[in-house]
Amino acid sequence: MEDDLPEAISLFAWMAWTQPTALFFVGIGTIILIMTVYEIKRPCAQRKGFLPIATTRGDRLFISLLTSAFLHLIVLGATDWSIWIALAISTFLLLITLRWG
Amino acid sequence: MTKLRNNKAWWLVLPMFVLVAFSAIIPLMTVVNYSVQDIFDQNTAYFVGVEWYQEVLRDTRLHDSLIRQFIFSFSVLVIEIPLGILIALLMPKTPNWKTSLVLILLALPLLIPWNVVGTIWQVFARGDIGLFGWAVNALGIDYNYTSNSLDAWLTVLLMDVWHWTPLVALLCYSGLRAIPNAYYQAAQIDRASRWAVFRYIQLPRLKSVLVIAVLLRFMDSFMIYTEPFVLTGGGPGNATTFLSQSLTQMAVGQFDLGPAAAFSLIYFLIVLLVSWLFFTTLTYEREDTAQYKAVQHNEGGS
């Protein structure tokens, strides 16, 4: 199968890529890219929202991603819910935290 | 302060970015890829989704390891940080030959490789030929770290305190040396007590080095492997089996690369969360304090 792949891709074949993980990293990369462009176009200032500390936009993104990771782990470890429920709640929390955090 | 635009110095970060990409990000991506697959060999892998995460998160042996790990890391911090500060405070303010001697003696445990530290304590704590074990037994205390869980725990903890408190002490000493004499003179004029000097001059001034000390000691102790592995081998039973040893057993011993990868990522997230919490709590200044400082700074400048 590896022989069919273009050379540039087979160079990374040892990393054992799968489609879901590739999409996951593309998603994270896109978020970081959008936030970087947004920061260059409209630099943010530290402010205090509902989180207990004053945060910048990047801080809020970091807090949201870390919360999402742990939310996924809780859903996987303590419930029988689908992973998509965790993803939906995480996306909702991400937007809320970025806007009002 | 206005923000600098078109700052070309950012390009200088590029080599470091490439270095970090190769040493951390690409391996981390590979671990993520492994964690959702059943890996048999380099060319045979089956996608299993989140199965390994569910398995690892519901494994009671790993829960026990995690609890042990937290108890160990917090015990390390509770003992090593105050002890390191105390040692640094006891050292003379003006350097002389005695200070140099103490500094060398303090630095010695830091120079010993981790597996050698384990071996030293393995012999040192033995009841029959080890000085420490023999002395404790001679005091009438029944001490045997190979059969008693509590003894094994205390020995691993004592070994870590012996090995790493010097690092905290050296960091704190360098922090104390950086405090200008004018502060102590002002405290003397105000007839401040020894405690007041520590509480209002030394401790606030030590904050930045203490952040480094707490983070380093937490991360290192949370990842401890070699020393307890050599000293107790994780025993008696599983009494001193910490997370990294469970992980090694899974990845290298049983060659369960998928579950081990899922476990590594959970481990990484816990270290990231706790380190971030420590860092934020220790460095965070309440807005009013920051504003007060800014006003003071502006008044001083004008």
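Residues numbered from 1 in each chain as written. Chains lettered and ligands numbered in written order. Predicted model: local features only at pLDDT ≥ 70, side-chain atom pairs only at ≥ 80, totals over all residues. Heavy atoms only, no water.

Examining the overall build of chain B
Keep this limit in mind: Secondary structure elements follow DSSP: runs of H or I no shorter than four residues count as helices, runs of E no shorter than two count as strands, and numbering proceeds from the N terminus. Type-normalised accessible area, obtained with a 1.4 Å probe on protein chains alone, sets the label of each residue: buried when under 20%, exposed when over 50%, and partly exposed for intermediate values. Residue contacts follow a heavy-atom distance rule, with two residues in contact if any of their heavy atoms lie within 4.5 Å. Charged-residue counts in this description rest on Lys and Arg as positive and Asp and Glu as negative, His and the chain ends being excluded. Every charge is mapped onto a representative atom, which is NZ of Lys, CZ of Arg, CG of Asp or CD of Glu.
Each helix and strand in chain B was counted, giving 13 helices and two strands. For chain B, the spread of C-alpha atoms along the three principal axes comes to 70 × 70 × 30 Å. For chain B, with 302 residues in total, the buried portion stands at 38%. In chain B, of all internal contacts separated by at least 6 residues, the share reaching a separation of at least 24 is 69%. With 18 positive and 19 negative side-chain charges, chain B shows a separation of 17 Å between the mean positions of the two kinds.

Some thoughts on the overall build of chain A
Heads up, the rule is: Radius of gyration means the value over C-alpha atoms here, while the globule rule gives 2.2 Å times the residue count to the 0.38 power.
Scanning chain A from terminus to terminus reveals four helices and zero strands. On C-alpha atoms alone, chain A measures out to a radius of gyration of 17 Å, which is more than a quarter above the 13 Å that the 2.2 N^0.38 rule sets for 101 residues. In terms of overall dimensions, chain A has a C-alpha envelope of 55 × 40 × 15 Å along the principal axes. Counting the 101 residues in chain A, one finds 30% classified as buried. Considering only contacts in chain A between residues 6 or more positions apart, those separated by 24 or more positions represent 42%.

What to know about the domain arrangement of chain A
Residues and elements named next belong to chain A. Cut-off, in case you're wondering: Throughout the structure description, domain borders are defined by an automatic or database domain assignment. Using a 1.4 Å probe, buried area is obtained as the accessible area two parts lose upon being combined, added over both of them. Any carboxyl oxygen of Asp or Glu that lies within 4 Å of a side-chain nitrogen of Lys or Arg is treated as forming a salt bridge with it. Under the rule applied, a polar contact is a pair of N or O atoms within 3.5 Å (in protein, one hydrogen donor and one hydrogen acceptor; residues adjacent in sequence only if both atoms are side-chain atoms). Under the scheme applied here, ten amino acids are nonpolar (Ala, Val, Leu, Ile, Met, Phe, Trp, Tyr, Cys and Pro), four are charged (Asp, Glu, Lys and Arg), and all others, including Gly, are polar.
Segmenting chain A into domains produces domain 1 (1-43) and domain 2 (46-101). Spacing between the C-alpha centres of domain 1 and domain 2 amounts to 22 Å. If you look at the interface, domain 1 gives seven residues, while domain 2 gives four residues. Summing the contributions of domain 1 and of domain 2, the shared interface buries around 500 Å²; its carbon and sulfur component is 74%. Three residues stand out in domain 1 for area buried against domain 2, namely Ile31, Met35 and Tyr38, and they jointly supply 67% of the buried area on that side. The partner of Glu39 in a salt bridge is Arg57, with the nearest N and O atoms 3.3 Å apart. Taken together, domain 1 and domain 2 are joined by two residue pairs in polar contact (both at pLDDT 80 or more). In terms of residue class, the side of domain 1 that touches domain 2 is built from five nonpolar, no polar and two charged.

Considerations on helix H7 (residues 149-177) of chain B
Residue and element names in this part refer to chain B. Convention followed: To estimate how far a helix should reach, multiply one less than its number of residues by 1.5 Å. Here the bend at a residue is taken as the angle between two axes, fitted respectively to the seven residues that end there and the seven that start there.
For H7, built from 29 residues, the straight-helix expectation of 42 Å at 1.5 Å per residue is met to within 8% by its first-to-last C-alpha distance of 41 Å. The axis of H7 is deflected most strongly, by about 40°, at Trp164, and proline Pro166 appears within four residues downstream. The buried count for H7 comes to 21 of 29 residues, which makes it a mostly enclosed element. By the N-cap criterion, in which a side-chain oxygen at the helix start approaches the backbone nitrogen of a residue two or three places on, H7 is capped by Asn148, the distance to Leu150 being 2.8 Å.

Describing unusual backbone geometry
Residue and element names in this part refer to chain B. A positive phi angle, close to 55°, is found at Arg191, a residue other than glycine. Counting through the fold element by element, Arg191 comes out in the loop between helix H8 (181-189) and helix H9 (194-222). Classification of Arg191 as exposed rests on a relative accessible area of 76%.

Digging into the interface of chain A and chain B
Across the contact, 29 residues belong to chain A and 27 residues belong to chain B. Taken over both partners, the interface formed by chain A and chain B buries close to 2,400 Å², and the fraction arising from carbon and sulfur atoms is 73%. It is Met15, Leu73 and Leu76 of chain A in chain A that bury the most area against chain B; as a group they hold 22% of the surface buried on that side. Run the count over chain A and chain B and you get one salt bridge. Taken together, the connections running from chain A to chain B amount to six residue pairs in polar contact (both at pLDDT 80 or more). Put simply, the parts of the chain that give the side of chain A that touches chain B at least two residues each are helix H2 (19-41) and helix H3 (57-78) of chain A. Ranked by residue count, the leading element in the side of chain A that touches chain B is H3 of chain A, at nine residues. Tallied by class, residues from the side of chain A that touches chain B come to 21 nonpolar, four polar and four charged.

Some points on the packing of H2 of chain A against H3 of chain A
Residue and element names in this part refer to chain A. In plain terms, the rule: For helices, the axis comes from a line fit to the C-alpha atoms of the stretch in contact; other axes are also lines fit to C-alpha atoms, and the angle between any two N-to-C directions lies between 0 and 180 degrees. Angles are sorted into four bins: roughly parallel if under 35 degrees, roughly antiparallel if over 145, roughly perpendicular if 65 to 115, and oblique for all others. Helix crossings get a hand from a simple test, with the near helix turned counterclockwise from the far one by less than a right angle marking a left-handed crossing and a clockwise turn marking a right-handed one.
Relative orientation of the contacting elements H2 and H3 amounts to 165°, with a least axis distance of 11 Å. Between H2 and H3, the angle falls in the class roughly antiparallel. Of the two possible hands of crossing, H2 and H3 adopt the one that is right-handed. Two secondary-structure elements touch here, H2 through Ile28, Ile31, Met35, Tyr38 and Glu39 and H3 through Arg57, Leu61 and Leu65. The residue makeup of the contact of H2 with H3, split by class, is six nonpolar, no polar and two charged.

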